[in-house]
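This is what each chain is made of:
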Amino acid sequence: MCNVGNYPDEVKQHIRQDVCRNLVAGYEVGDAANCLLHAPTIDKNKDEFDRIFKERISRNDYNFQAVVFPARIAATLQNVDYRKPTTKKGEIAIILEKIFAPLQAALLALAIRRKFMR
Ligand SMILES: [Zn+2]
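Values in this document were obtained by computation on a predicted structure and should not be read as measured data.

**Things to note about the overall build of the chain**
Line of reasoning, step 1. A tally of helices and strands in the chain yields four helices and two strands.
Line of reasoning, step 2. Written out in order from the N terminus, the α and β elements of the chain read α-β-β-α-α-α.
Line of reasoning, step 3. If you take every contact in the chain between residues at least 6 apart in sequence, the share linking residues at least 24 apart comes to 46%.

Take a look at the structure:
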């Protein structure tokens, strides 16, 4: 049974019903088992993920609650400043950038606040 993520049990039950459905919880990350959609890693079967994703979209089925997208699909969902990474390292760099850019903005805001709050 898929662990889904950090949610209350009744929420997990709904997500399992609506999102995991009949997928097997074949991904073990840490001590939790997850289905392909919810495995908290970018190192997953992207072709299979792609297939399920496109198949559901084609049925106007957009419930992707708590789903962890592998890097390549996350990149194609980016819009304007989309840059296609050519290497695995490039993919990771873009993911890190997504994490650190907001963090830097937050630190800058904090620094500015400190300067004027004195
Ligand atoms: Zn799942």
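**Points about helix α1 (residues 9–20)**
Line of reasoning, step 1. Burial in α1 covers these residues: Ile-15, Val-19 and Cys-20. Each buried residue of α1 lies within a common arc of 70° when the element is viewed along its axis, so the set occupies one face. Counted as exposed and oriented over 90 degrees from the buried face of α1: Glu-10, Gln-17 and Asp-18.
Line of reasoning, step 2. Positive phi appears at Arg-21, one or two residues downstream of α1, with a value of about 50°.

**A closer look at the confidence of the model for the chain**
Line of reasoning, step 1. When pLDDT is averaged along the chain, the result is 82, and 85% of the positions lie at 70 or above.
Line of reasoning, step 2. Mean pLDDT across the elements of the chain ranges from a minimum in helix α3 (residues 71–77), with 59, to a maximum in α1, with 96.

**Describing the nonpolar core**
Line of reasoning, step 1. If you look at the biggest cluster of nonpolar residues, it comprises 11 residues: Cys-2, Val-4, Ile-15, Val-19, Cys-20, Tyr-27, Cys-35, Leu-36, Leu-37, Ala-39 and Val-67.
Line of reasoning, step 2. With sequence-adjacent residues up to four places away left out, Val-67 is seen in contact with Val-19, Leu-37 and His-38.

**Details of the environment of Glu-48**
Line of reasoning, step 1. Within the secondary structure layout, Glu-48 lies in helix α2 (residues 46–58).
Line of reasoning, step 2. Looking at Glu-48, the number of C-beta atoms within 10 Å reads 13, which means it is partly exposed.
Line of reasoning, step 3. Along the chain, Glu-48 and Leu-36 lie 12 residues apart, while their C-alpha atoms are 8.3 Å from each other.

**Points about α2**
An α-helix turns once every 3.6 residues. As a result, residues three or four positions apart point the same way.
Line of reasoning, step 1. Taking 1.5 Å of rise per residue, the 13 residues of α2 would be expected to cover 18 Å, and the 18 Å separating its terminal C-alpha atoms lies within 8% of that figure.
Line of reasoning, step 2. Immediately downstream of α2, the backbone of Asn-60 shows phi near 55°, a positive value.

**Concerning unusual backbone geometry**
Line of reasoning, step 1. The phi dihedral of Val-4 falls on the positive side, at around 65°, and the residue is not glycine.
Line of reasoning, step 2. By the secondary structure assignment, Val-4 is in the segment before α1.
Line of reasoning, step 3. According to the C-beta neighbour criterion, Val-4 is buried, with 25 such atoms within 10 Å.
Line of reasoning, step 4. Residue Ala-66 is not a glycine yet carries a positive backbone phi of 70°.
Line of reasoning, step 5. One can find Ala-66 in the loop between α2 and α3.

About the cut-offs
Throughout, a residue's number is its position along its own chain's written sequence, starting from 1. Where totals are concerned, whole chains, interfaces and linings use all residues; where local detail is concerned, this predicted model gives features only for residues with pLDDT of at least 70, and gives and counts side-chain atom pairs only at 80 or more. Numbering of helices and strands starts at the N terminus; helices are DSSP runs of H or I of at least 4 residues and strands are runs of E of at least 2. Here the contact rule is simple: place C-beta atoms from the backbone, and any two residues whose C-beta atoms are within 7 Å are in contact. Exposure is read from a count of other C-beta atoms within 10 Å of each residue's own; the residue is exposed at 12 or fewer, buried at 20 or more and partly exposed in between. C-beta atoms are placed from the backbone. By arc we mean the arc of the directions from the helix axis to the C-beta atoms, nothing more. A score from 0 to 100, pLDDT tells how confident the predictor is in each residue. As used here, a nonpolar core is made of buried Ala, Val, Leu, Ile, Met, Phe, Trp, Tyr and Cys residues. They are joined through C-beta atoms within 7 Å. Multiplying 1.5 Å by the helix residue count minus one yields the expected span of that helix.

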